[in-house]
Amino acid sequence: MKIGILGWDHGVMGADGPFGEYDPEGPVLIEYGRRRGHEMSLFTLEEVTYVPGERGMDVLLGGENGGSFDAIISRAKLYGDDWQDGGSEWRDRVERLAMVSAIPGLHVFDPVDVWTTAYSKSLMLQKLAKAGLPVPPCRSATTLAEVATALELWDDIIVKPSYGGRSKGVERITDISAQQAVIEELLAGYGTMLCMPFYPTRYGEYRVHVAGDVVAGCALKLPGPGEWKMRGSTGSSFEPIDPSDELRDLALRATRTIGLTLSGLDILPTETGYVILEVNCTPGFLNSLGDEIHRITMDAIYDWVEKRVAEG
């Protein structure tokens, strides 16, 4: 098959990608695809262009006609951490992925509707909840009074933007008066914030990687001393574990519900059972759990893609 990898950069160490980051997984996917006998190409959203064609318009992927590909595996990053300042840049990136997704006969893993749902915490939680999967209760807030209403409801809350990552804009709120300035700054910057109850994290949080129909790896993340956020910069740590059957099943069901080929799920154990916090569509550091799990992940991605293309 002819397979394209839609990366967020070309994976050249030391070069800044469109968001000042380096993603090593694009070149790795290229290497694994070639090992399996596929014709491979790597391109970015900036290299998706449109030209006149027999049907009015052809979409070119890195200069090649999109109709010549059998499948596309996407690592495209639609929004940066400062997505609210991106304006037309982010709209343009979504449009380009939509154009790729609409190429006749092309199998995209994953198309724009899946990608935009996974990027939005609001849409993601809504879809998981409608499927009967355990997610935290949530309400939106655009004013200080609405944040106060959420605090009255749950006593101790987390506020976060619907878009973004790396815990940016995520705050724990316990006192409206004392934290008024923080809340108003978040509302001014993001417009709408999501409010949900705070769950204790002292017993850790699971990060589960799903590739195709395989749970490829799982780790227990533990916060640093006196911290509740799972960030390496605040002293958090992780330990690879063998997930329970219940955790495996939940991760697979959530990934299939969102429609992703590759996902990184954050799942929190609580007194009443597991709660799915996020289903990430571009999980990074896939080799952090070891070379063997990295290999299993890559093989599972291609097993899934080859099977789905063969099935049409």
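1. A word on the pattern of salt bridges
- Taken as a whole and judged by the stated rule, the model has 16 salt bridges.
- Close ionic contact of Glu205 with Lys221 constitutes a salt bridge, the shortest N to O distance being 3.1 Å. Pair noted here: Glu205 is in strand E12 (residues 205-211) and Lys221 is in strand E13 (residues 214-222), with a separation of 16 residues, a long-range link. Each member of the pair, Glu205 as well as Lys221, carries the same accessibility label: buried.
- Lys221 is the salt-bridge partner of Asp266, the closest N and O atoms lying 3.3 Å from each other. One end of the pair, Asp266, is in strand E15 (residues 262-270); the other, Lys221, is in strand E13, with 45 residues separating them in the sequence.
- One continuous salt-bridge network, built from bridges that share partners, spans Arg36, Glu292, Arg295, Asp299, Asp303 and Glu306.

2. Describing the packing of helix H1 (residues 25-35) against helix H8 (residues 291-311)
- Relative to each other, H1 and H8 sit at 65°, their axes nearing to 10 Å. Taken together, the axis directions place H1 and H8 in an arrangement best described as roughly perpendicular. Where H1 crosses over H8, the two elements pack in a sense that is right-handed. Residues Glu25, Val28, Leu29, Ile30, Tyr32 and Gly33 of H1 form the contact with H8, whose participating residues are His294, Arg295, Met298, Asp299, Ile301 and Tyr302.
- Residue classes in the contact of H1 with H8 are distributed as seven nonpolar, two polar and three charged.

3. Examining the sheet that holds strand E4 (residues 58-61)
- Ordered by their spatial adjacency, three strands build an open sheet running E3-E4-E5, and the pairing between neighbours is antiparallel. Strands with a single pairing partner mark the edges of an open sheet, and in this sheet they are strand E3 (48-51) and strand E5 (64-65).
- The pairing of E4 with E5 spans two bridges and is classified as antiparallel. If you follow Leu60 over to E5, its bridge partner there is Asn65.

4. What about the pairing of E4?
- Summarising the sheet, E3 and E4 pair through four bridges and their orientation is antiparallel. Residue pairing for E4: Tyr50 is matched across the bridge by Val59.
- Counting the residues between successive antiparallel strands, the hairpin from E3 to E4 contains six residues, one of them, Gly56, with a positive phi of roughly 100°.
- Where E4 folds back on E5, the antiparallel hairpin that results is connected by two residues, among which Gly62 adopts a positive phi of roughly 60°.

Parameters and conventions
- Residues numbered from 1 in each chain as written.
- Predicted model: local features only at pLDDT ≥ 70, side-chain atom pairs only at ≥ 80, totals over all residues.
- Heavy atoms only, no water.
- Salt bridge = Lys/Arg side-chain N within 4 Å of Asp/Glu carboxyl O.
- Helix = DSSP H or I, 4+ residues; strand = E, 2+ residues; numbered from the N terminus.
- Buried < 20%, exposed > 50% of the residue type's maximum accessible area, 1.4 Å probe, protein only.
- Axes fitted to C-alpha atoms, helices over the stretch in contact; angles between N-to-C directions.
- Parallel < 35°, antiparallel > 145°, perpendicular 65-115°, else oblique.
- Left-handed = near helix turned anticlockwise from the far one by under 90°.
- Contact = heavy atoms within 4.5 Å.
- Nonpolar A, V, L, I, M, F, W, Y, C, P; charged D, E, K, R; others polar.
- Pairing = 2+ DSSP bridges.

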